[in-house]
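For reference, the chains in residue letters:
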Amino acid sequence: MIIETERLILRPFTESDAADVLEYLREPAVNCFASMKLNSLDEAEAEMKNRCGETEYYFAITLKDTGKVIGEIDAYPETGEQHSDENDPKDTFSPCWMLNKGYQGKGYAYEAAYAFFDYLFKDKGARRIYAYTEDYNTSSQHLCEKLGMRREGLFLEFISFVNNSDGTPRYENTYQYAILKKEWDKQNV
């Protein structure tokens, strides 16, 4: 699957994307991506081999004019309810996006996320899309709001991705945003 926008192509990862991905995963911008950190080109190449088989829900964000990978976006279907059974519809998605620091502030994240949300709602049967963002990540909060998502709540000390210098977990305060298909359709007529 390929999603095309005015300036971007969202496409499955290839093994040749390793160097571009290493650029932004060598030092992830926010703690929630700490577990994805890559330390070498070898690690990046191995990670690209793992990603190559995913063609529906995990995309490289590439510049249309050069093909450079400047980020990634993904979301997988879930039931939306912790206590559901396997027969419940998987119509809820929680996207994760990350952009190379050198390409932030140019509207690429919005362009990619808008196209991805539209794809999830129109092609993948999404009923609800929700996103988590740290309370200090104001650019991600702004992106959620620009996409028409509503802030649903703030979870204090919700999750820990890294440890403090004394080895104890550093908990993140986390906002949750969401948008329903009917809200998406109404704002995009």
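Placed above this text is the structure.
Residues numbered from 1 in each chain as written. Predicted model: local features only at pLDDT ≥ 70, side-chain atom pairs only at ≥ 80, totals over all residues. Heavy atoms only, no water.

Chemist: Explain the overall build of the protein to me, please; I cannot follow it from the model alone.
Modeler: Helices and strands together make up the secondary structure of the protein, namely five helices and ten strands. A principal-axis box enclosing the C-alpha atoms of the protein has dimensions of 45 × 45 × 35 Å. Here the protein holds 189 residues, and the buried ones make up 43% of them. By sequence separation, contacts in the protein at least 24 residues apart represent 63% of the contacts at least 6 residues apart. Between the averaged position of the 22 positive side-chain charges in the protein and that of its 34 negative side-chain charges there is a distance of 5 Å. (Helix = DSSP H or I, 4+ residues; strand = E, 2+ residues; numbered from the N terminus. Buried < 20%, exposed > 50% of the residue type's maximum accessible area, 1.4 Å probe, protein only. Contact = heavy atoms within 4.5 Å. Lys, Arg positive; Asp, Glu negative; His and termini not counted. Charge placed at Lys NZ, Arg CZ, Asp CG, Glu CD.)

Chemist: What is the right way to look at the sheet that holds strand β3 (residues 58-63) in this model?
Modeler: The strands that make up a sheet pair up through hydrogen bonds in the backbone, lying either parallel or antiparallel. The five strands are arranged β1-β2-β3-β4-β7 in an open sheet whose pairing can be described as antiparallel. Two strands lie at the open edges of the sheet, namely β1 (3-4) and β7 (96-99), each paired on one side alone. Where strand β2 (residues 8-11) lies against β3, four bridges are found, and the strand directions are antiparallel. Among the inter-strand pairings, Arg11 is bridged to a residue of β3, identified as Ala60. (Pairing = 2+ DSSP bridges.)

Chemist: What exactly am I supposed to notice about the pairing of strand β4 (residues 69-74) here?
Modeler: A regular strand places its side chains so that they alternate between the two faces of the sheet. Burial analysis of β4 places six of its six residues in the buried class, the great majority of the element. When β3 meets β4, the two strands line up antiparallel, connected through five bridges. Paired with Thr62 across the strands is Val69, a residue of β4. Taking the residues between adjacent antiparallel strands as the criterion, β3 and β4 are bridged by five residues, where Gly67 takes a positive phi near 85 degrees. Two elements, β4 and β7, share four bridges in a ladder whose sense is antiparallel. The residue bridging Ile73 from the neighbouring strand is Trp97, located in β7.

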